[in-house]
Amino acid sequence: MRVAILHNPRPPLPDASLPDDAFEEYDSQETIRAIARALAGLGVETSPVIADGRLPWSLEEGRFDFVFNIAEGHGRRCREAVPAAVCELLGLPYTLSDPLTLAATLDKAIARRIVSPEVPVARAVLIGGEAGEEAEERQLADLRFPAVVKPNDEGSSKGIRRESLCRTPAEAAGQCRWLRARYACPTLVEEYLPGAEVTVAVRGNGACRSVLGMMEIAPAEECSEPFLYSVEVKRDWRRRVRYHVPPRLPARETETIRAYALAACRLLGCRDLARVDFRLDPHGQPRFLECNPLPGLHPENSDVVILSRDILTYQELVQGILLEAARRCGVPVR
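So, here's what we can say about the structure. (Residues numbered from 1 in each chain as written. Predicted model: local features only at pLDDT ≥ 70, side-chain atom pairs only at ≥ 80, totals over all residues. Heavy atoms only, no water.)

### Looking at the overall build of the protein chain
Step number 1: What the protein chain contains, in helices and strands, is 12 helices and 12 strands.
Step number 2: Its C-alpha atoms give the protein chain a radius of gyration of 20 Å, near enough to 20 Å, the size a compact globule of 334 residues would have.
Step number 3: The C-alpha extent of the protein chain, read off along each of the three principal axes, is 60 × 45 × 35 Å.
Step number 4: Counting across all 334 residues of the protein chain, residues that qualify as buried make up 56%.
Step number 5: Across the protein chain, the fraction of contacts at a sequence separation of at least 24, relative to all contacts at a separation of at least 6, is 69%.
Step number 6: Summed over its atoms, the accessible surface of the protein chain is roughly 15000 Å², and 51% of this surface lies on carbon and sulfur atoms.
Step number 7: Once the 43 positive and 48 negative side-chain charges of the protein chain are each reduced to a mean point, those two points are 1 Å apart. (Helix = DSSP H or I, 4+ residues; strand = E, 2+ residues; numbered from the N terminus. Rg over C-alpha atoms; globule rule 2.2 N^0.38 Å. Buried < 20%, exposed > 50% of the residue type's maximum accessible area, 1.4 Å probe, protein only. Contact = heavy atoms within 4.5 Å. Areas by Shrake-Rupley, 256 points an atom, 1.4 Å probe, with all protein chains shown as cover. Lys, Arg positive; Asp, Glu negative; His and termini not counted. Charge placed at Lys NZ, Arg CZ, Asp CG, Glu CD.)

### A closer look at the packing of helix 5 (residues 108-115) against helix 10 (residues 251-268)
Step number 1: Two elements in contact, helix 5 and helix 10, have axes separated by 9 Å at closest approach and are oriented at 110 degrees. Comparing their axes, helix 10 and helix 5 come out roughly perpendicular. Touching Ala111, Ile114 and Val115 of helix 5 are Ala264, Leu267 and Leu268, all from helix 10.
Step number 2: The class makeup of the residues in the contact of helix 5 with helix 10 is six nonpolar, no polar and no charged. (Axes fitted to C-alpha atoms, helices over the stretch in contact; angles between N-to-C directions. Parallel < 35°, antiparallel > 145°, perpendicular 65-115°, else oblique. Nonpolar A, V, L, I, M, F, W, Y, C, P; charged D, E, K, R; others polar.)

### Brief notes about the nonpolar core
Step number 1: In terms of nonpolar packing, the biggest core is built from 60 residues, with Ile35, Leu59 and Phe68 touching the most fellow members.
Step number 2: In contact with Phe68, not counting residues within four places along its chain, are Val3, Ala4, Ile5, Leu6, Ile35, Leu39, Thr95, Leu297, Val318, Ile321 and Leu322.
Step number 3: Ranked by size, the runner-up nonpolar core spans 25 residues in total, among them Val119, Ala196, Val200 and Ala264. (Core = buried A, V, L, I, M, F, W, Y, C linked by side-chain atoms within 4.5 Å.)

### Observations regarding the pairing of strand 9 (residues 210-219)
Step number 1: Where burial is concerned, most of strand 9 is hidden: eight out of the 10 residues are buried.
Step number 2: In this sheet, strand 9 lies alongside strand 8 (residues 197-203) in antiparallel orientation, the contact comprising seven bridges. Within strand 9, the position partnered with Glu197 by the bridge is Ile217.
Step number 3: Between the end of strand 8 and the start of strand 9, which pair antiparallel, lie six residues, with Gly204 showing a positive phi angle near 95 degrees.
Step number 4: Here four bridges tie strand 9 to strand 10 (residues 241-244), and the two strands are oriented antiparallel to one another. Paired with Ile217 across the strands is Tyr243, a residue of strand 10. (Pairing = 2+ DSSP bridges.)

### A closer look at the sheet that holds strand 4 (residues 124-127)
Step number 1: Taken in spatial order, the four strands of this open sheet run 4-7-5-6, and their pairing is antiparallel. One side of each edge strand has no neighbouring strand; the edge strands of this open sheet are strand 4 and strand 6 (165-166).
Step number 2: As paired elements, strand 5 (residues 147-151) and strand 7 (residues 187-191) share five bridges and run antiparallel to each other. By the bridge assignment, Pro151 is partnered in strand 7 with Thr187.

### Digging into the side chain of Asp281
Step number 1: Its location among the elements puts Asp281 in the loop between strand 11 (273-280) and strand 12 (286-292).
Step number 2: At 3.1 Å, the side chain of Asp281 forms a polar contact with the side chain of Arg287. (Polar contact = N/O pair within 3.5 Å; in protein donor to acceptor, adjacent residues only side chain to side chain.)

### Considering helix 5
Step number 1: Those residues of helix 5 not exposed but buried are Lys108, Ala109, Ala111, Arg112 and Val115. All buried residues of helix 5 fall inside an arc of 160 degrees around its axis, so they share one side.
Step number 2: For helix 5, the elements touching its buried residues are helix 4 (99-106), strand 4, strand 5, strand 7, helix 10 and strand 12.
Step number 3: At the N-terminal end of helix 5, a side-chain oxygen is found 3.2 Å from the backbone nitrogen of Ala109, two or three residues along, and the residue is Asp107. (Arc of directions from axis to C-beta.)

Listed below in structure tokens is the structure:
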């Protein structure tokens, strides 16, 4: 079997005209090599393929049998859906979720509407949508503060920085303007939840979908300031973060999170493997933050890899994605 590892490589040099986290989601060569080594254990032949404007021709010329898709794509709110859509256009089976799910989950407001009310979400206001900026900013007064201001259709904590935690409506409105000027997308202003942050890996499909594991993300040191899993914190995770597997929560709360994660993946249509993020409100109730149907697979610092280390090896994790997708598509791996 010939397998294309479909990806977008992280540029070696930053573009000074773009935010410094513009390519935060893109993959390093270390990740691509690690995936290739893992898949080699199945006896398949792999080739890296970049998801750029030549993608249809690259996939056709490569005569691939299957696509291992981790491509983030180019553009804005539908960018993750495009590489998967090209695979569908060419009739190539591929791993992970389909274009509809990839587009819906990247837009945080859309994902929230899909999962709620079956899965509770934090109160939030979308700024820069169809209602008009001034009308939407007036809605900020109805939120409880502090609140977190984030780009609505970005991933990997892009645009979520120390300044994203705003304590007043006026501060939040200013941060919205700052983000829109740099990321050219609407912003989501979401009430800050003071409880534990928990990320959940869900694997499988349909009735066989199950929770692979869950992990609490906590500050390395106790601090009076609210903890925000920002891009600066993620980049310095060894020093500033402690990962607790399983979460330091009562069994009742972890079971609720487990049920909500499975429900969110079902409602959003996630396939093969996905990561769902939650945070607990002041009453200890889990609230859905977002879902990532293209979870990072860096062999050292990706959340799904970290939370599953005591459950299965990196090789088993990566191979499991391909095997699950092949089973779903009815394609033998050989």
